[in-house]
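Here are the chains, one letter per residue:
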Amino acid sequence: MDKIPDLAKNLINVGWTQINICQKKFSLKLYLGNLDFFEMMLFDIDAFQLFYLSQNCEQIEKQLKELNPSLEAPVKKILEHLETCLINNPEKNEYTTSLHSDFLFIKMKSKLSGIKFNWEFRLTKLENRLLNQHFVIPLLFNCAEYQQRELELIKIIQAKDKEIDDYKSQGIELTRKYLATETFELSHFDDQIKSKLQIDDLIEDPTKCLTTILHQKVNKSCIDKYMDFQQKTMAKETNDDFKSSENSNKILKNTDKANDSAFSSKDKKREEIDKVLEEENKSCPKMNKKKKLFK
């Protein structure tokens, strides 16, 4: 999995919930940042498409004045109401939607403290890369986590069977016979699961499994592990960059020292040559300035 992009990064840790809008089911993620901005994401399983919206404090206040001119409320109150409408009681609101080539437009009518409250969501269609980041790859991680949990549970059950066998070999018997269990056999367990597993609801609504408590727990475990891995990777890259910078500085320092040494050596040689020439000049007799051209 690539590094998490900045867009919708806050929503990586948020679990999916379900919401019905105009008789259509969506999977929803909602993030309230310190109650002064919010991010939301909708997943349409039929179109296999993600939609995203982010609004800061100024945008929320501006939209409040435009859509609810007679209503005054702090941003915190607006965000709490949006959370109630979208997560806690979505069925109590009226919605209208319109899908465009690059965005999904939703109008919502509700009541805030008994007063009519209107809001609009203009969600941008996200590219496939972000669909992978927020949906496909997390699901693959979850599958791997489920497999790991199953293997660990099988090991625990098999260890318990050995413990029970040891008790039996010592002549220990159950006082309540109805608590007795058969030795765990993996192949028998697989056959039982195949006959008991009901997937009718899942076929009708595949995203329903995303909202279960177990899936939310597994998903959080996967995301925590991934985020920890990302932090370690970033720390290692920073450390490697620091070491590389240190090595570069050492090379530069060594080069400077070598250059200084070379210049120092040249200066010494120049001084020695000047000294020799000076001594030779002293030892040689002075030439007459006037020279005889004719005898």
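Residues numbered from 1 in each chain as written. Predicted model: local features only at pLDDT ≥ 70, side-chain atom pairs only at ≥ 80, totals over all residues. Heavy atoms only, no water.

Side note on the overall build of the chain
Note the cut-off: Only DSSP runs of H or I with at least four residues qualify as helices, and only runs of E with at least two residues qualify as strands; both kinds are numbered from the N terminus onward. Between buried and exposed lies partly exposed: a residue is buried under 20% and exposed over 50% of the maximum accessible area for its type, with that area taken using a 1.4 Å probe on protein chains only. Residue contacts are defined here by distance: any two heavy atoms, one from each residue, within 4.5 Å place the two residues in contact. Every accessible area reported is derived by Shrake-Rupley at a probe size of 1.4 Å, with residue values counting cover from the shown protein chains alone.
What the chain contains, in helices and strands, is six helices and seven strands. Overall, the chain shows an N-to-C arrangement of helices and strands of β-β-β-β-α-α-β-β-β-α-α-α-α. Put simply, the chain has 295 residues, and 26% of those count as buried. For the chain, restricting intrachain contacts to residue pairs at least 6 apart in sequence, the fraction spanning at least 24 positions comes to 57%. Accessible area of the chain: about 22,000 Å², with a carbon and sulfur share of 54%.

A look at the confidence of the model for the chain
Put simply, the rule reads: Per-residue confidence from the predictor is reported as pLDDT, which spans 0 to 100.
Predicted confidence across the chain gives a mean pLDDT of 82, with 78% of residues reaching 70 or more. This stretch, residues 286–295, has a pLDDT under 50; its non-local contacts, to residues over four places away or in other chains, come to zero contacts.

Focus: the side chain of N93
We count it as follows: Contacts described as polar in this section are N or O atom pairs within 3.5 Å, which, within protein, must combine one atom able to donate a hydrogen with one able to accept it, while residues neighboring in sequence count only if both atoms come from side chains.
Inspection of the secondary structure puts N93 in the loop between α2 (75–88) and β5 (94–99). Overall, N93 belongs to the buried group, its relative accessible area being 13%. Only 3.2 Å separates the side chain of N93 from the backbone oxygen of C85, close enough to count as a polar contact. Engagement of the side chain of N93 in a polar contact is seen with the side chain of Y95, the distance being 3.2 Å. N93 has contacts with C85, M108, K109 and S110, leaving out every residue within four places of it along the chain.

Notes on empty space enclosed by the protein
Operational definition: Two kinds of site are reported from a 1 Å grid over the protein atoms alone, namely cavities, where a 1.4 Å probe fits but cannot get out, and pockets, open sets with protein on both sides within 12 Å along at least five of seven lines, and residues are called lining when an atom falls within 4 Å of a point. Grid points are joined across faces, edges and corners, and a volume is the space filled by probe spheres set on the points. Here the nonpolar group is Ala, Val, Leu, Ile, Met, Phe, Trp, Tyr, Cys and Pro; Asp, Glu, Lys and Arg are the charged ones; every other residue, Gly included, is treated as polar.
Within the structure shown, the criterion is met by two cavities of 30 Å³ or more. Empty space within the largest cavity amounts to approximately 90 Å³. In terms of lining residues, the largest cavity is bounded by 14 residues, among which W16, K29, H134, P138 and N219 are the most central. Counting only elements with at least two residues in the lining of the largest cavity, the list comes to α3 (128–169) and α6 (213–283). Per element, the largest residue contribution to the lining of the largest cavity is six residues, and it comes from α3. Classifying every residue of the lining of the largest cavity by side-chain character gives eight nonpolar, five polar and one charged.

With respect to the sheet that holds β5
As a reminder, the rule being used: Pairing between strands is defined by DSSP: at least two bridges between them are needed. Each axis is a line fitted through C-alpha atoms, and for a helix only the stretch in contact is used; angles between axes span 0 to 180 degrees, taken between their N-to-C directions.
If you trace the seven strands from one edge of the open sheet to the other, you get β1-β2-β3-β4-β7-β6-β5, paired in antiparallel fashion. The sheet terminates laterally at β1 (17–21) and β5, the two strands that pair on one side only. Taking the axes of each pair of neighbouring strands and ignoring which way they run, one obtains an average angle of 30° across the sheet. Pairing between strand β6 (residues 103–112) and strand β7 (residues 115–125): 10 bridges, direction antiparallel. Paired with F105 across the strands is R122, a residue of β7. Where helix α1 (residues 57–67) meets the sheet, it contacts β3 (38–44), β4 (49–55) and β7, and its direction lies at approximately 130° from that of β7.

A look at the environment of A144
By the element assignment, A144 lies in helix α3. Sequence-wise, A144 and C222 are 78 residues apart; in three dimensions their C-alpha atoms are separated by 9.0 Å.

A few points about the nonpolar core
So the rule is basically this: By convention a nonpolar core is built from buried Ala, Val, Leu, Ile, Met, Phe, Trp, Tyr and Cys residues, the set being connected through side-chain atoms within 4.5 Å.
Within the largest apolar cluster, 28 residues are counted, with the highest numbers of intra-cluster contacts made by M40, L42 and F121. Of all the elements in the fold, those that place two or more residues in this core are β1, β2 (24–32), β3, β4, α1, α2, β6 and β7. At six residues, the largest contribution of residues to this core is made by α2. Grouped together as the second largest cluster of nonpolar side chains are 13 residues, L11, Y52, L130 and L131 included.

Some points on the side chain of S221
You can see S221 is positioned in helix α6. Residue classification places S221 among the buried residues on the basis of a relative accessible area of 18%. Once residues within four sequence positions are removed from consideration, S221 is found in contact with E145 and R149.

A closer look at unusual backbone geometry
Only a minority of non-glycine residues have a phi that is not negative, and only a minority of peptide bonds are not trans. For F48, which is not glycine, the phi dihedral falls at a positive 50°. As for its position among the elements, F48 is in the loop between β3 and β4. Non-glycine residue S113 carries a positive phi angle of around 55°. Within the secondary structure, S113 sits in the loop between β6 and β7. When its relative accessible area of 63% is taken as the criterion, S113 is described as exposed.

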